[in-house]
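# Working through the structure, step by step
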Amino acid sequence: MQVKERVFVMRLHKYSDADLIIHCLTSKGAKLSLFARSALKSKKRFGGGVFEPTHYIEVVYQKKNDDGGGLCTVSEAQIIKDFSKLRSDYARLQLGLHFVHLIDQVMREGDEHSSAIFDLLGNGLSTLETSTELEKLKLHFEVKLLSNQGVLPIDASEAQLLSLSISEHGTIDLNEGSLRKLKNSVQGVLREYLPNARPTHLMQDP
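A few points on the structure. (Residues numbered from 1 in each chain as written. Predicted model: local features only at pLDDT ≥ 70, side-chain atom pairs only at ≥ 80, totals over all residues. Heavy atoms only, no water.)

### Regarding the packing of aromatic side chains
On inspection of all chains with the given rule, the structure shows seven aromatic pairs. Considering the side-chain rings of Phe8 and Phe118, the 5.1 Å spacing of their centres and the 55° angle between planes classify their relative orientation as tilted. Here Phe8, found in strand β1 (residues 2-14), pairs with Phe118, found in helix α3 (residues 115-128); they are 110 residues apart in sequence, far enough to count as distant. Among the residues examined, Phe8 registers a relative accessible area of 3% and is labelled buried. What links up through ring pairs into an aromatic cluster is the set Phe8, Tyr56, Phe83 and Phe118. (Phe/Tyr/Trp six-rings, centres within 6.5 Å; stacked < 30°, edge-to-face > 60°. Helix = DSSP H or I, 4+ residues; strand = E, 2+ residues; numbered from the N terminus. Buried < 20%, exposed > 50% of the residue type's maximum accessible area, 1.4 Å probe, protein only.)

Spelled out as structure tokens, the structure:
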């Protein structure tokens, strides 16, 4: 069965000299793995660096069987949004890659975690293009992701981070001590819950 779907690219795996396996996030919050034959050679079907991590793209692929199991073969792909401003700033790009890496670690193949994760990534990447408070944005994203997974206990003073949208991260109203406490709590949960997650250290906010 042929399917057309919009996804975020999270990770690439080189399968051969020319083939790629692309790990994506679907709008239902599921991880989808696609096989792109000759992706490194075919400029007509897969040109313009379409399969870069963080890219929001539309793909046409063939499901291997009706239940969605197995590796799906992608026949077409085009960029919807490439978040180009991330690639002109090292700190922004590293944080964008951190976002997709965390979600890649959380997701399991075929599990649908609801659209909340998909929306979180999209809003996080969009906000990242213009944010001037990257440390707050990083913390806000991590809190929302871990809370969605039910693994981060937060107190009443920290609950505001869940009610605020990602684009409102600059309005987070916690004193320095509370922010430090929350950051330490988040990092502790990340080490325990996602031991393979790479730590990301940001440059100072402009």
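Now that the structure has been shown, the text picks up again.
### Remarks on the sheet that holds strand β2 (residues 20-26)
Taken together, five strands build a closed barrel; the order of strands is β1-β2-β3-β5-β4 and the barrel is mixed. Across the sheet, the mean angle from the axis of one strand to that of its neighbour is 50°, orientation sign disregarded. Alignment of β1 against strand β4 (residues 56-62), held across seven bridges, turns out to be antiparallel. By the bridge assignment, Val3 is partnered in β4 with Tyr61. Packed onto the sheet, helix α2 (residues 90-106) meets β1, β2 and β3 (31-36) and runs at close to 105° relative to β1. Each of β1, β2, β4 and β5 (72-81) touches α3; the most contacted strand, β1, lies at about 65° to it. (Pairing = 2+ DSSP bridges. Axes fitted to C-alpha atoms, helices over the stretch in contact; angles between N-to-C directions. Contact = heavy atoms within 4.5 Å.)

### Description of the nonpolar core
Generally speaking, nonpolar side chains in soluble globular proteins are found buried as a group. Ranked by internal contacts, the top residues of the largest apolar core, which has 39 residues, are Leu25, Ile103 and Leu121. Among the elements of the structure, β1, α2, α3, α4 (134-148) and α6 (176-193) are those that each provide at least two residues to this core. Apart from residues lying up to four places away in sequence, Leu121 is in contact with Phe8, Leu25, Phe99, Val100, Ile103 and Phe141. Membership of the second largest hydrophobic core comes to 19 residues, among which are Val7, Ala36, Cys72 and Val74. (Core = buried A, V, L, I, M, F, W, Y, C linked by side-chain atoms within 4.5 Å.)

### So, unusual backbone geometry
One non-glycine residue with positive phi stands out, namely Thr54, at about 90°. Within the element layout of this structure, Thr54 appears in the loop between α1 (43-46) and β4. For Thr54, a relative accessible area of 0% gives the class buried. Positioned with a positive phi, Phe83 is a non-glycine residue whose angle comes to about 50°. Assignment of secondary structure puts Phe83 in the loop between β5 and α2.

Purely spatial values, then, with no claim about function.
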